[in-house]
Amino acid sequence: MSVSLFKAFVQGMTDYIVKHNANYTLVETNLNYLLGMVTGQMGGDFAVPPGLKEIFDRQGLIGIGSYDFSEGTLTGPSYNLAFAAGAYWSGATGNFRSMAAAIDVSMAGQDSDTYYVYLDASGYPAVSTSVQTDTIWQFEWNSGTHVVSAKALYAGVGILFDGDDYADQLTSAARSKSFTKVADRLEEIEVLLGKNVQTPASANTINVDWSLGSVVRVLLDRATTTFAFSGAYDGQKCVLELTQDGVGGRAIAFGAEVVEGTDFTLPAPLSTDPDKIDFLGLFYNDTTGKYYYTSLARGY
């Protein structure tokens with residue numbers, strides 16, 4: 001896109017007012033065009049260009065905390081519902097509604113009933129006993145006890161995550177760990193839930209990273225297999241599934257990170273018959289940095 005203005009004014013020109021007005025109109029027209037491209041030429045308090053519409057393929061709140069409010073007993077005399085700031089994509093009208101700061105909406109004088117929270121054209125919440133355009137919440141109001149209960153998103157409204165929500169998903173406070181993609185974090189959760197069984201190849205020494213799965217399945221095919229452990233989270237329950245080969249009588253050993261107790265001592269007395277399967281359990285304590293040998297089930 002390019003803009004060509006009329007010839008610059010020169011001394012002696014008699015139609016400078018006409019040219020000035022033409023230039024002004026041309027500049028204004030193109031500025032409005034640019035504004036329309038930025039805002040998507042759409043109404044609403046907060047608009048997006050058409051190219052981004054595909055992202056918002058259903059109506060919903062932009063951020064899980066948008067327009068949220070608390071259930072419980074409201075305080076008189078106003079009995080205010082305190083609505084958080086937020087934004088909302090209206091699938092019905094194709095507009096954004098937004099509110100930059102928290103506001104209160106009074107329930108004083110309202111009869112007991114089911115109420116619906118809807119947004120006006122400026123993105124501010126209001127309550128009604130009937131469904132309105134851009135209804136986002138519903139709740140029960142008891143005028144006698146002044147209690148708000150049974151809060152729920154209205155049918156068809158979903159939560160559309162915003163940037164803050166996305167960033168929060170990439171950080172695990174419990175594990176003091178950050179991710180670059182939500183998909184990576186979900187994969188790790190599946191692993192930690194024991195959905196992944198590790199099957200390392202037989203070797204004299206097998207290094208096990210327990211962050212990759214809570215079960216390790218190994219074929220014992222030499223006199224002694226030594227295990228070295230790392231990567232477990234605090235409280236993780238780790239299981240070794242150990243299968244004797246066709247010879248049998250194979251043994252295992254551990255590094256200093258594995259400790260024994262009174263009931264289960266090392267070296268672990270595995271099955272000696274060929275092809276038998278034993279299960280050895282460990283519990284990891286992050287404070288001590290130790291894997292505690294806690295169980296042994298043999299002879300499967």
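Residues numbered from 1 in each chain as written. Predicted model: local features only at pLDDT ≥ 70, side-chain atom pairs only at ≥ 80, totals over all residues. Heavy atoms only, no water.

Describing the sheet that holds strand β10 (residues 147-153)
Argument step 1. Judged by pairing direction, the sheet is antiparallel, and its 5 strands sit side by side in the order β2-β10-β9-β7-β8 without closing on themselves. Since the sheet does not close on itself, it has two edges, and those belong to β2 (72-73) and β8 (125-128), each with one partner.
Argument step 2. Note: strand β7 (residues 113-119) against strand β9 (residues 135-142), 6 bridges, orientation antiparallel. Its bridge partner lying in β9, Tyr116 is registered against Gln138. (Pairing = 2+ DSSP bridges. Helix = DSSP H or I, 4+ residues; strand = E, 2+ residues; numbered from the N terminus.)

Some details on the sheet that holds strand β11 (residues 158-160)
Argument step 1. Here we have 4 strands laid out as an open sheet, ordered β5-β4-β1-β11, and mixed in their pairing. The sheet is open, and its two borders are formed by β5 (95-99) and β11, each paired with just one other strand. The sheet shows a mean angle of 25° between the axes of neighbouring strands, taken without regard to direction.
Argument step 2. Note: strand β1 (residues 60-62) against strand β4 (residues 86-90), 2 bridges, orientation antiparallel. (Axes fitted to C-alpha atoms, helices over the stretch in contact; angles between N-to-C directions.)

Thoughts on the side chain of Glu257
Argument step 1. Here Glu257 lies in the loop between β19 (251-254) and β20 (258-259).
Argument step 2. Buried and unpaired, Glu257 has Lys290 as its nearest opposite-charge partner, separated by 6.9 Å.
Argument step 3. Reaching out from Glu257, the side chain makes a polar contact with the backbone nitrogen of Phe229 at a distance of 2.8 Å.
Argument step 4. Filtering out sequence-adjacent residues up to four positions away, Glu257 remains in contact with Phe227, Ala228, Phe229, Gly289, Lys290 and Tyr291. (Buried < 20%, exposed > 50% of the residue type's maximum accessible area, 1.4 Å probe, protein only. Lys, Arg positive; Asp, Glu negative; His and termini not counted. Salt bridge = Lys/Arg side-chain N within 4 Å of Asp/Glu carboxyl O. Polar contact = N/O pair within 3.5 Å; in protein donor to acceptor, adjacent residues only side chain to side chain. Contact = heavy atoms within 4.5 Å.)

Focus on the pattern of salt bridges
Argument step 1. Considering all chains together, one arrives at 5 salt bridges under this definition.
Argument step 2. For Arg217, the salt bridge identified is with Glu241, shortest N-O distance 3.0 Å. Here the residue Arg217 occupies a position in strand β16 (residues 215-220), and Glu241 occupies one in strand β18 (residues 237-244), the gap between them amounting to 24 residues.

Some details on the environment of Leu242
Argument step 1. Mapped onto the secondary structure, Leu242 falls in strand β18.
Argument step 2. Looking at Leu242, the relative accessible area reads 2%, which means it is buried.
Argument step 3. For the pair formed by Leu242 and Leu219, sequence separation is 23 residues and the distance between their alpha carbons is 6.1 Å.
Argument step 4. Contacts of Leu242, omitting those with residues within four sequence positions, involve Val218, Leu220, Phe227, Ile252, Leu270, Lys276, Ile277 and Asp278.

Regarding the nonpolar core
Argument step 1. Formed by 23 residues in total, the largest nonpolar core has its most connected members in Trp210, Phe227, Phe229, Leu240, Ile252, Leu280 and Tyr291.
Argument step 2. Broken down by secondary-structure element, the contributors of at least two residues to this core are β15 (205-209), β16, β17 (224-230), β18, β19, β21 (277-285) and β22 (290-297).
Argument step 3. Look past the residues within four positions of Phe229 in its chain and what remains in contact with it is Val208, Trp210, Leu240, Phe254, Glu257, Val258, Leu282 and Tyr291.
Argument step 4. Counting 21 residues, the second-largest nonpolar core is a separate cluster that includes Leu74, Leu81, Met107 and Val157. (Core = buried A, V, L, I, M, F, W, Y, C linked by side-chain atoms within 4.5 Å.)

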